[in-house]
Amino acid sequence: MEKTERFSCEGYLNENYHYFHLRDTAGQERDFHFHEFDKVVLFLSGKVDYIVENQTYTLLPWTVLLVKHHMIHKALIDTNEPYERIILYLDRRYFDRVFPDGQIMECFKLSAQRGNQLLKPTEEQRKILETLIASYEKAQNTNEFGAQVMRDTIVMQMLVMIGRMSSARETTTMSTYDPKIQQTLSFINENLDKELNVDTLAEHVFLSKYHFMRLFKAQMGTTVHAYIRQKRLLCAARLIREGMSANRAAIKSGFSDYSAFHRAFKESFGVSPGQIKKSE
């Protein structure tokens, strides 16, 4: 029996924001998960793909990934190279309260609406981000008067810069997957409501069934069947949050048996389809 993918709410934010600067060779995040807060990942180095909802992004140095609250995501990390990144956890309520007319968190909404969470800074923007990071980390390591205010101000400047990047639509969705697998992923995404099986997919990319299965597992780290099921559940969750009925979302995502869908959904998310709410 294949291992069931589980989706959970992980991490709690008891501050207005939390800043991490991490560099390690840890393996991929253990599971798909989501947060009640918004999340920024500023990628510095390594070899990492990030799955956010129904999209897979290959991170490039200094690209910025925006993960809106309630979005299901997971990092796929190549442990052969150190993974360095800046991560910001953000309580949107705090920033909306401090700047009620500033729309400082609007970048998350815009990226979600466009269906593209990855931003690419210009050279000038990258240099500004480098300076802000250095300034924040200097202020982080001191107890001098006004250090907390300095840190708060720098985070605000980072968000303003990210907002400008989002408004400029400098996005990227580059992928490093084998062309056959990339073609397969696109075909799956475009046909989730149709019958999908290994034979059909292998034929679509002109590979033998067994060579296709081995290549897919090597590239994606999971079986074809598990990947399709995962994508269908992610798609259904998104449609329900957007206001579609659970029954209709199940059909649109390729589930022909609603009771089976309901069981799989609850097992994966820990809640029933009716408890998934649209995130504003």
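Here the residue numbering is sequential within each chain, running from 1 through the sequence in written order. Predicted model: local features are reported for residues with pLDDT of at least 70 only, side-chain atom pairs are reported and counted for 80 or more only, and whole-chain, interface and lining totals are derived from all residues. Where side-chain values are given, they derive from all heavy atoms of the structure, hydrogens and water being excluded.

Q: Run through the pairing of strand β7 (residues 64–67), naming residues and quoting values.
A: The buried label applies to any residue whose accessible area, calculated with a 1.4 Å probe on protein chains only, is under 20% of its type's maximum; exposed applies above 50%, and partly exposed to all values in between. Starting at the N terminus, helices and strands are each numbered in turn, a helix being any DSSP run of H or I of at least four residues and a strand any DSSP run of E of at least two. Residues of β7 alternate between two faces, with Val 64 and Leu 66 on one and Leu 65 and Val 67 on the opposite face, all of them buried. At least two bridges found by DSSP between two strands are what make those strands a pair. Two strands pair when backbone bridges link them, and strand β4 (residues 38–45) and β7 are joined in this way by 4 bridges, in the antiparallel orientation. Looking at the pairing, Val 41 lines up with Leu 65 of β7. Both β7 and strand β10 (residues 118–119) contribute to a ladder of 2 bridges, which runs antiparallel. Residue pairing for β10: Leu 65 is matched across the bridge by Leu 118.

Q: Residues and numbers for the nonpolar core, please.
A: Buried Ala, Val, Leu, Ile, Met, Phe, Trp, Tyr and Cys residues form a nonpolar core when they are joined through side-chain atoms within 4.5 Å. Counting 36 residues, the largest nonpolar core has Leu 201, Phe 212, Phe 216, Phe 261 and Phe 265 as the members making the most contacts within it. For this core, the secondary-structure elements that each account for two or more residues are α5 (179–190), α6 (198–204), α7 (209–220), α8 (224–241), α9 (246–252) and α10 (258–269). What makes two residues a contact is simply this: any of their non-hydrogen atoms within 4.5 Å. Apart from the residues within four sequence positions on either side, Phe 261 is in contact with Leu 233, Ala 236, Ile 240, Ala 246, Ala 250, Phe 255 and Pro 273. Tyr 17, Leu 90, Cys 107 and Met 165 belong to the second largest nonpolar core, which has 30 residues in total.

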